[in-house]
Amino acid sequence: MTSIFSTRRLLLWVALFFGAVSNPVVLSCVRADEMNAAEITGKPVTYDDHIAGILKRHCLQCHGDSKQEAGLNMASYSGVAGNDDLVVAGRSSASRLFEIIVAEDPLERMPPENDALPKDQVALIKAWIDSGPRENSGSKVAMKREVEFTPTSLANLDEGPPPMPESLPEQQPVETLRPFPVIALAASPRAPLLAIGHYEQIKLVNTETQEPIGLLAFPEGEPHVLQFSRSGRLLMVAGGRPVQNGVVVLFDVETGKRVAVIGDETDAIVSADISPDERQVAIGGSGRVIKIFSTETGELLHALEKHTDWVTALAFSPDGKLLASADRVGNIHLWDANSGGVVRPLAEHKMSVTALAWRSDSQLLASSGEDGLIVWWEVAKGWPIYSQAKAHQPARPAGVYGDIPNGVMDLRFGPLGELVSCGRDKKVRVWTSGGKVNKVHALDTNEGTSNIRVLPLQSVLTFDGATAITGDSAGALHYKAAK
């Protein structure tokens, strides 16, 4: 049975790779102007293999060893990637090199007095910069780290009006050939604000009007995790490009400004959380190691090694004392969030754990899995206080025998201890604080006769607990009453 993370990645990779082989016209999860052999084959774009030849043909006549107009020598990797004014690692949109080759004005565009570079070469340069410009296939990703962030005092987390976007920078929507699946979704704990992951972007929506507010750029790749800080003033975005780079970015919600860029992974981050005091970020993924970073300095504080498979979920307790982690084979561990020491394991799941969520009093932890199980854990004792063994069991189709996939895809707590979940039965359930079903909503996925099975992937409750919002694999959002 496929794990939730495998499901998310397969939704992207199957469409990208296998779909590309049979029909190059229907690539769904990449921008239309970025289809090139290096990305389709999954090979990293490097200076030696892809970029040096482009620069030699188009740039070195004016910016090489014999001539350096504007003081630029682009004849070597260090002369290009080592020039902070020319290349900002991980951000082509902020890199002068990319800006001048795509300029619309022929007088500003490089190379001068020539046609614009071919689209495939422009796409390679963009991919090279965004993936952390590597010199060769054996090089580490070279990402610049931005840290200019001061956490809010815990005593002041709920002071002032709820943060809402006010003056976001202008962003053009990134167009994909098919809708991008909702693999990341977050609701502000204090305001009617929803964040939705999109390819290289995050969409912000007002949950009361369902109207779009604006966009945040995430050129690092695919957002796999979105999480608002407890104060609601920060949005954590974690993700990257599979087998290329992984990073966490903290955004100021009101201004859309990046206030910190943390981590330097060689694979996309698939699990992450920000501590309630906003001083720590924890990340996990295919490396099986949990890393805890300081948001103030970007320093690695702890590397926690206990899991034997991919780390699929991470969650700090609301009081900041504990960190819960889970993996792809069903293990859950509790850690001391300050020292990094192991507190205890929680053993109940038999398959991949898809989500972890804390109740606001830090006394209960909920977990869900591909085994169809939802567990409410009494953390102090390490025992289940409630459990639902077939929380999202699909109806058995006529003529179908054997096991039916019974996975829970996601769950989140609401403000009053209620819990929302979604699963493979294509339903959303709202559970009472006592572990009983309160609301059940079947999702209209408009599958028609296409034989494409649409699954709910993420569910959240609004800050007032009034609405359950679910995103599915076809990129659609579903708003349902939770009370």
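Anything mentioned here points back to the structure above.
Reference entry: report on the structure contained in this document. (Residues numbered from 1 in each chain as written. Predicted model: local features only at pLDDT ≥ 70, side-chain atom pairs only at ≥ 80, totals over all residues. Heavy atoms only, no water.)

1. Observations regarding the sheet that holds strand β6 (residues 234–241)
Then, in step 1: Spatially, β5-β6-β7-β8 is the arrangement adopted by the four strands of the open sheet, whose pairing is antiparallel. Both edges of this open sheet fall to β5 (222–228) and β8 (258–265), since each of them pairs with a single strand only. Here the average twist between neighbouring strands, direction ignored, is 15°.
Then, in step 2: Sheet topology note: the strand β7 (residues 245–252)/β8 ladder contains five bridges and is antiparallel. Among the inter-strand pairings, Gly-246 is bridged to a residue of β8, identified as Glu-265. (Pairing = 2+ DSSP bridges. Helix = DSSP H or I, 4+ residues; strand = E, 2+ residues; numbered from the N terminus. Axes fitted to C-alpha atoms, helices over the stretch in contact; angles between N-to-C directions.)

2. Quick notes on the pairing of β6
Then, in step 1: Of all eight residues making up β6, eight are buried, and the element is well covered by its neighbours.
Then, in step 2: Side chains Leu-234, Met-236, Ala-238 and Gly-240 project from β6 onto one buried face, and the interleaved Leu-235, Val-237, Gly-239 and Arg-241 project onto a second face that is buried too.
Then, in step 3: Here six bridges tie β5 to β6, and the two strands are oriented antiparallel to one another. Its bridge partner lying in β6, Pro-223 is registered against Gly-239.
Then, in step 4: As defined by bridge partners, β6 adjoins β7 across eight bridges and the pair is classed as antiparallel. (Buried < 20%, exposed > 50% of the residue type's maximum accessible area, 1.4 Å probe, protein only.)

3. Re the nonpolar core
Then, in step 1: Ile-51, Val-80, Leu-97, Ile-125 and Trp-128 are the most contacted members of the largest nonpolar core, which has 24 residues in total.
Then, in step 2: Among the secondary structure elements, those contributing two or more residues to this core are α3 (47–58), α5 (77–81), α6 (96–101) and α7 (119–130).
Then, in step 3: With six residues, α7 is the largest single contributor of residues to this core.
Then, in step 4: Every residue in contact with Leu-97, bar those within four places of it in the chain, is listed here: Met-74, Val-80, Leu-86, Val-87, Ile-125, Trp-128 and Ile-129.
Then, in step 5: By size, the runner-up hydrophobic cluster in this structure holds 18 residues, among which are Ile-202, Leu-204, Val-247 and Val-253. (Core = buried A, V, L, I, M, F, W, Y, C linked by side-chain atoms within 4.5 Å. Contact = heavy atoms within 4.5 Å.)

4. Here's the deal with α3
Then, in step 1: Among the residues making up α3, those that are buried are Tyr-47, Ile-51, Ile-54 and Leu-55. Angularly, the buried residues of α3 cover 110° about the axis, an arc narrow enough to put them on a single face. Set apart from the buried face of α3 by more than 90 degrees, the exposed residues are Asp-49, Lys-56 and Arg-57.
Then, in step 2: On the buried face of α3, the contacting elements are α4 (60–63), α5 and α7.
Then, in step 3: The N-cap residue of α3 is Thr-46: its side-chain oxygen and the backbone nitrogen of Asp-49 are 3.1 Å apart. (Arc of directions from axis to C-beta. Polar contact = N/O pair within 3.5 Å; in protein donor to acceptor, adjacent residues only side chain to side chain.)

5. So, the pattern of salt bridges
Side-chain pairing between opposite charges can occur once the charged atoms of the two side chains come close.
Then, in step 1: Enumeration according to the criterion identifies 13 salt bridges in this entry.
Then, in step 2: Taking the shortest distance from any N to any O, the salt bridge between Lys-67 and Glu-69 comes out at 3.1 Å.
Then, in step 3: According to the relative accessible area criterion, Lys-67 is partly exposed, its value standing at 38%.
Then, in step 4: Owing to a relative accessible area of 36%, Glu-69 belongs among the partly exposed residues under this scheme. (Salt bridge = Lys/Arg side-chain N within 4 Å of Asp/Glu carboxyl O.)

6. Concerning the packing of aromatic side chains
Each aromatic ring pair is described using two quantities: the centre-to-centre distance and the angle formed by the ring planes.
Then, in step 1: Counted by the stated rule, this structure contains six aromatic pairs.
Then, in step 2: Measuring from ring centre to ring centre gives 6.2 Å for Phe-180 and Tyr-199, while their planes differ by 50°; the resulting arrangement is tilted. Of the two residues, Phe-180 is situated in the loop between α7 and β1 (185–187) and Tyr-199 in the loop between β2 (193–198) and β3 (201–206); the sequence distance between them amounts to 19 residues.
Then, in step 3: Accessibility expressed as a relative area gives 4% for Phe-180, which makes it buried.
Then, in step 4: Considering the side-chain rings of Trp-376 and Tyr-386, the 6.1 Å spacing of their centres and the 80° angle between planes classify their relative orientation as edge-to-face. Taken together, the positions of Trp-376 in strand β19 (residues 374–378) and Tyr-386 in strand β20 (residues 383–388) put the pair ten residues apart, joining distant regions of the chain.
Then, in step 5: Grouping aromatic residues by their ring pairs yields a cluster made of Tyr-47, Tyr-77 and Trp-128. (Phe/Tyr/Trp six-rings, centres within 6.5 Å; stacked < 30°, edge-to-face > 60°.)

7. As for the side chain of Asp-273
Then, in step 1: You can see Asp-273 is positioned in strand β9 (residues 271–274).
Then, in step 2: Of the side chains bearing the opposite charge, Arg-412 lies closest to the buried Asp-273, which forms no salt bridge; the N-O distance is 9.2 Å.
Then, in step 3: Engagement of the side chain of Asp-273 in a polar contact is seen with the backbone nitrogen of Phe-316, the distance being 2.7 Å.
Then, in step 4: Filtering out sequence-adjacent residues up to four positions away, Asp-273 remains in contact with Gln-227, Met-236, Gln-280, Val-281, Ala-282, Leu-314, Ala-315 and Phe-316. (Lys, Arg positive; Asp, Glu negative; His and termini not counted.)

8. What about α7?
Then, in step 1: Between its terminal C-alpha atoms α7 stretches 16 Å, which fits the 16 Å expected from twelve residues at 1.5 Å a residue.
Then, in step 2: Summarising burial for α7: ten of the twelve residues are buried, a large majority. (Expected span 1.5 Å × (residues − 1).)

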